[in-house]
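Residue-level listing of the chains:
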Amino acid sequence: MSDFFIGFDRHPETPPAQGEPAPELHLKPDTLLRHMMALGSSGSGKTVLCKVLTEEMVRTGLPAICVDPQGDLCSLAMNADNPEFLREKGVDPELAAQFAATVDPVIFTPASRKGIALSADPMAIDVDALKPRDRVYAITSIATMVVSLLGYDLDSDDGAGLVAVFDRALTRLQKNGAFPRNLDQFTAWLLNLDDATKEEFARYLDVKKIEHACQKLARLDVGARRLLFHEGLALDIELLLGLGERSAAEDGKTRLSVIYLNTLNSQEDKEFFVAALVERLYTWMLRNPSKEPQAMFYIDEVAPFIPPVRKPACKPALSLLFKQARKYGVCCLMATQNPADVDYKAMAQFGTWAIGRLTTRQDMKKVEPTVKALDPVNVDAIMEELPAQKPGQFVLISPDNFEHTHRLQCRWLYTKHETLDDERIEQLMDRPYVPLEPDPEAETQTIRERFEELEHDLVVQELDEKEVPEPADEDDEPLPEEEDEEELEEELPPDTPRSGPSSTATLQTDPEIEESDKVLSKSASMSTKEFAAKAGVGEGAARGRLARLYAAKRAKRFKQGRENRYWSLSTGLRPDLGLDRKVNVIVSRVTSNDAERAARGVRRSSTLFGLIGEDEELDRAELDHRLVIQLGFTEKVTRMFLKRIFGGRRHDEMLDSVYLHPENLKIVIFDPEGGIRLEERPEEYASRIMDFDGAVTFEEMRPGDVRLHESEIKKRKSDEVIKESFKRRFRATPKRVQPVFLPVWNLHLKSRSRPSTRVVVVDALVGKPLDW
């Protein structure tokens, strides 16, 4: 792993020769295991320095999680696109291009779809997998987060008492193997406490206060605030680090995750989310220890989250992370413009300090003890320099990396440096995602679509992983015949398959699934946004409902441009193939029995319709349907001589149709005696072509009820190409284009002398071979 290039030494021990650049300053990756802090007043360049370190971390293949309270870090997802500007800043544009090619930047927005939506249910931690000591800490942390969410001061008697109640409750549930999977389950359990449990908990807090807190807890899941727990992808460290199958990761690219907190309305919600994030990071690193650097955690403007006196929900988690992360390969980076507002115990965990311009006496006084401890010889000179430093200039103190203090001039960025708001973040996540090795035939996908796909797949996977009841053994005693079917349905588990016309239904129906299916079936297909509007729910809830329909095999989805669309299987339509209404199907005249009887009757004469060999027999016959394009047209046909004389008109205006092969666009000829064949231009006038009109019976059917050749439908020519091809061959005006489906029999022939089979296709109108 290469060292991190962060800038230049402004005052090297040996000055460079005239015209030579200043010596470069590098940090060893191991240095950041003891964490780094950037301090400086507004405009000092501390955020640029931290972004430089983040770029260097990602450039070497190590993923980074960046917490962005104000929008200053989101531009890490914007590639620098002005080579001249980069050269002016002393940055090689080629290095910036290399960085852009290997970074996978994603902006996550808690409780919002502006970026990639992220939710954080405080219960979504697998405490059972933790060691006993770590489990105790995790449960206390969860209790603290929930109490903070309710607005209690954690240092007050009521706050501390409620933490004790929730801690005790969660500990009991975990020991009983019933730890809640989400906040809803925990709330439901608390609202149904028996008197004995209430009396036990009264040791920590008055029962009425506990009941009042439980009511407040129930209200968390109502209104816009519930988005914090349900909207988007679940908070997961491997997702943020781009690791594993559940992260939409790509080989060769390194994930850079920016979590933009300004989509959260209150400081309490921001503190809760940071607490949930840090708690999950701590749990992850316990399970994935490393002696080498393996990830970076960077939080900008950290002061509100770890103040010296107040105790926000995230303070205990951050303090523990800063203390323990180095043992597990997690490098921490934080920045603040107000050192006096950061807990000194937390600051003591940071081994490398970059101090930019400081102007207030309070801030100077706060950092002086640390400077004195790290560089006691030069402390006075350093303190005098701080107020006069220019933007991008820092005093760099790193005993693990350097023997003495350096004066750093920070290098410029490989990315843009801008402050983004919600709207610009939304535009950024809607830009096309460029893989490391683009497939020229693949459809372009936006960053948002990439993660919407992941979100859908994870919901479906979660539903599929739910335990499905085993079917009853054949030896089980049968149910009494006189019992009503509805009564039986109530006794069966929710996921038991229902017999009947649709294999996708269930005996005990889920009201939400039924209602969702009802909404979806009103249109041929719907996008998530359209479904949300029709169902009267938010887009996050709509995604969840559609994913449940998909998992229950009640709906399918397809891609239309850059949009995922869903359709209900109950409609019987196939909008994924462009078949969003009933289609015309030619009624078969040759039945499967006809085919089987013919096969038996002609074995002695060696062939079935001239197709079955001497050592072959018919294994099975399958009715299939092949696509034919019906093209309506109007055509002027020159009348016969006598008709022109006595009829007065030179031409007849004909309204007719022809049938075309879907790919080569040859004309389909149907001869009731000779069968079906293809020709390029069999007649001068299209209206005189012998085809299906008047010779066969058509039936309207739902496309979902017809066995189709999907690849054939997907490869069909466009309506415009079909019409242009027709106009080149005939002096006629093409009108409506629509699909028609021709019935055919797939005859599976099995050899009696050798283990081989083949399939022969014959039309189901006269039983002649079909050679497309």
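Residues numbered from 1 in each chain as written. Predicted model: local features only at pLDDT ≥ 70, side-chain atom pairs only at ≥ 80, totals over all residues. Heavy atoms only, no water.

Visitor: For this particular structure, what's the right way to read the overall build of the protein chain?
Guide: Looking only at helices and strands, one finds 25 helices and 26 strands in the protein chain. When burial is assessed residue by residue, the protein chain has 49% of its 772 residues classed as buried. Considering only intrachain contacts with a sequence separation of at least 6, the fraction spanning at least 24 residues in the protein chain is 71%. Surface summary for the protein chain: the accessible area is close to 38,000 Å², and the carbon and sulfur share equals 47%. (Helix = DSSP H or I, 4+ residues; strand = E, 2+ residues; numbered from the N terminus. Buried < 20%, exposed > 50% of the residue type's maximum accessible area, 1.4 Å probe, protein only. Contact = heavy atoms within 4.5 Å. Areas by Shrake-Rupley, 256 points an atom, 1.4 Å probe, with all protein chains shown as cover.)

Visitor: What should I look at first to understand the sheet that holds strand β17 (residues 555–560) in this one?
Guide: In any sheet, the strands associate via hydrogen bonds between backbone groups, in a parallel or an antiparallel arrangement. In spatial order, the strands read β16-β18-β17; together these 3 strands make up an open sheet with antiparallel pairing. The sheet is open, and its two borders are formed by β16 (526–527) and β17, each paired with just one other strand. As paired elements, β16 and strand β18 (residues 563–568) share 2 bridges and run antiparallel to each other. Note that in β18 the partner of M526 across the bridge is Y566. Against the sheet, helix α19 (residues 511–520) contacts β16, β17 and β18, and its axis sits at roughly 105 degrees relative to β18. (Pairing = 2+ DSSP bridges. Axes fitted to C-alpha atoms, helices over the stretch in contact; angles between N-to-C directions.)

Visitor: So what exactly am I meant to see when it comes to the nonpolar core here?
Guide: Most often, soluble globular proteins keep nonpolar side chains buried together rather than apart. Of all hydrophobic cores here, the largest spans 158 residues; its most connected members are F166, F297 and F451. Beyond its immediate chain neighbours, meaning those up to four positions away, F451 contacts V106, F108, I116, L233, L239, S247, A248 and R255. L627, I669, V706 and F726 belong to the second-largest nonpolar core, a separate cluster that totals 24 residues. (Core = buried A, V, L, I, M, F, W, Y, C linked by side-chain atoms within 4.5 Å.)

Visitor: Explanation requested: the packing of aromatic side chains in the structure shown.
Guide: The relation between two aromatic rings is expressed through the spacing of the ring centres and the mutual angle of the planes. Taken as a whole and assessed by the stated rule, the structure comprises 13 aromatic pairs. With centroids separated by 6.3 Å and ring planes inclined at 80 degrees, the aromatic side chains of F85 and W412 adopt a geometry described as edge-to-face. Residue F85 is found in helix α2 (residues 83–88), and its partner W412 is found in the loop between β13 (406–410) and α16 (422–429); the two are separated by 327 residues along the sequence. A residue is classified by how much of its surface remains accessible, and F85, at 35% relative accessible area, is partly exposed. Between the NZ or CZ atom of K89 and the centre of the ring of W412, over which it lies, the distance is 4.4 Å. In this structure, K216 is placed above the aromatic ring of Y152, and the distance from its NZ or CZ to the ring centre is 4.6 Å. (Phe/Tyr/Trp six-rings, centres within 6.5 Å; stacked < 30°, edge-to-face > 60°. Lys NZ or Arg CZ within 6 Å of the ring centre and 35° of its normal.)

Visitor: What is the right way to look at helix α8 (residues 207–219) in this model?
Guide: Since the α-helix turns once every 3.6 residues, residues separated by three or four places project in the same direction. Taking 1.5 Å of rise per residue, 13 residues should cover 18 Å, and α8 covers 19 Å from first to last C-alpha, within 8% of that figure. Buried residues belonging to α8 abut α4 (132–149), α5 (157–175), α6 (183–190) and α7 (195–201). Measuring from the side-chain oxygen of the N-cap residue of α8 to the backbone nitrogen of K208 gives 3.0 Å; that N-cap residue is D206. (Expected span 1.5 Å × (residues − 1). Polar contact = N/O pair within 3.5 Å; in protein donor to acceptor, adjacent residues only side chain to side chain.)

Visitor: Mind showing me how you'd approach the pattern of salt bridges here?
Guide: A side chain of one charge can pair with a side chain of the opposite charge if their charged atoms are brought near each other. A full pass over the atoms with the stated rule returns 51 salt bridges. Among the salt bridges present, the one from K416 reaches D81, with a minimum N-O distance of 3.2 Å. Of this pair, K416 sits in the loop between β13 and α16 while D81 sits in the loop between β4 (64–68) and α2, and the two are 335 residues apart along the sequence. Note on K416: relative accessible area 24%, which makes it partly exposed. (Salt bridge = Lys/Arg side-chain N within 4 Å of Asp/Glu carboxyl O.)

Visitor: Looking at this structure, I do not really get the pairing of strand β20 (residues 616–638). What am I missing?
Guide: Sheet faces and side chains relate simply in a regular strand, where the side chains alternate between the two faces. For β20 and strand β25 (residues 732–751), the ladder comprises 18 bridges, and the chain directions are antiparallel. Of the residues in β25, the one forming a bridge with E635 is A732. Pairing of β20 with strand β21 (residues 651–660), which is carried by 10 bridges, proceeds in the antiparallel orientation. Within β21, the residue paired with V637 across the bridge is D652.

Visitor: Just checking my understanding: could you explain helix α1 (residues 46–59) for this structure?
Guide: If you check α1, its first and last C-alpha atoms are 20 Å apart, about what 14 residues at 1.5 Å a residue would give, namely 20 Å. Burial analysis of α1 places 13 of its 14 residues in the buried class, the great majority of the element. Of the residues one or two after α1, G61 is the one with positive phi, at around 95 degrees.

Visitor: Just to check I follow, could you spell out the confidence of the model for the protein chain for this structure?
Guide: Caution applies to low-pLDDT regions: their predicted coordinates should not be interpreted in detail. Here the protein chain averages 87 in pLDDT, and 88% of its residues register 70 or above. Within the model, the stretch residues 467–507 combines pLDDT values under 50 with 29 contacts to residues more than four positions away or in other chains. Note that residues 598–609 has pLDDT below 50 and, in this model, 16 contacts with residues that lie over four places away or in other chains. (pLDDT = per-residue confidence, 0-100.)

Visitor: Got a minute to help me understand the environment of L577 in this structure?
Guide: Of note, L577 is situated in the loop between β18 and β19 (583–586). By relative accessible area, L577 is classed as buried at 11%. Measuring from C-alpha to C-alpha, the distance between L577 and P703 comes to 9.5 Å, with 126 residues separating the pair along the chain. Leave out the neighbours within four places in its chain, and L577 touches L708, E710, I713 and K714.

Visitor: Is there a simple way to explain the pairing of strand β22 (residues 667–671) in this structure?
Guide: Counting buried residues along β22, 4 of its 5 residues qualify, which places the element largely inside the surrounding structure. In sequence, β22 turns back onto strand β23 (residues 675–679) through a hairpin of 3 residues.

Visitor: Can you walk me through the packing of α19 against helix α20 (residues 528–535) in this structure?
Guide: For any two helices packed against each other, the geometry comes down to the angle between their axes and how far apart the axes lie. Direction vectors running N to C along α19 and α20 enclose 110 degrees, while the axes themselves pass 10 Å from each other. In terms of orientation, α19 lies roughly perpendicular with respect to α20. As α19 runs across α20, the sense of the crossing is right-handed. Packed against α19, whose contacting residues are S516, V519 and L520, the element α20 presents F531, K534 and A535 at the interface. (Parallel < 35°, antiparallel > 145°, perpendicular 65-115°, else oblique. Left-handed = near helix turned anticlockwise from the far one by under 90°.)

Visitor: Please explain the side chain of D104 as it appears in this structure.
Guide: Considering the arrangement of structural elements, one finds D104 in strand β5 (residues 103–110). A polar contact is formed between the side chain of D104 and the side chain of R450, at a distance of 2.7 Å.

Visitor: What exactly am I supposed to notice about the side chain of D763 here?
Guide: Tracing the backbone through its elements, the reader meets D763 in strand β26 (residues 757–763). Polar side-chain contacts of D763 include one of 2.6 Å to the backbone nitrogen of V766. Among all residues touching D763, those that are not within four sequence positions of it are G675, I676, P743, V744, K768 and L770.

Visitor: Looking at this structure, I do not really get the environment of M37. What am I missing?
Guide: Along the chain, M37 falls in strand β3 (residues 36–39). Along the backbone, M37 and Y298 are 261 residues apart, and their C-alpha atoms lie at a distance of 9.7 Å. Once residues within four sequence positions are removed from consideration, M37 is found in contact with M334, M347, F350, T352, W353 and A354.

Visitor: I keep staring at unusual backbone geometry and nothing clicks. Help me out?
Guide: Where the residue is not glycine, phi is negative for most of them; where a peptide bond is considered, it is trans in most cases. Unlike most non-glycine residues, H35 shows phi in positive territory, near 70 degrees. Among the residues examined, H35 registers a relative accessible area of 0% and is labelled buried. Its identity is not glycine, yet E301 carries a phi of approximately 45 degrees, on the positive side. With respect to the helices and strands, E301 occurs in the loop between β9 (295–299) and α12 (315–324).

Visitor: Got a minute to help me understand the packing of α4 against α5 in this structure?
Guide: Contact geometry of α4 with α5 gives a least axis separation of 8 Å together with a crossing angle of 130 degrees. When the axes of α4 and α5 are compared, the pair comes out oblique. Crossing of α4 against α5: the hand is right-handed. Two secondary-structure elements touch here, α4 through R135, I139, T140, I142, A143, T144, V146 and V147 and α5 through G159, L162, V163, F166, D167, L170, T171 and Q174. Tallied by class, residues from the contact of α4 with α5 come to 9 nonpolar, 5 polar and 2 charged. (Nonpolar A, V, L, I, M, F, W, Y, C, P; charged D, E, K, R; others polar.)

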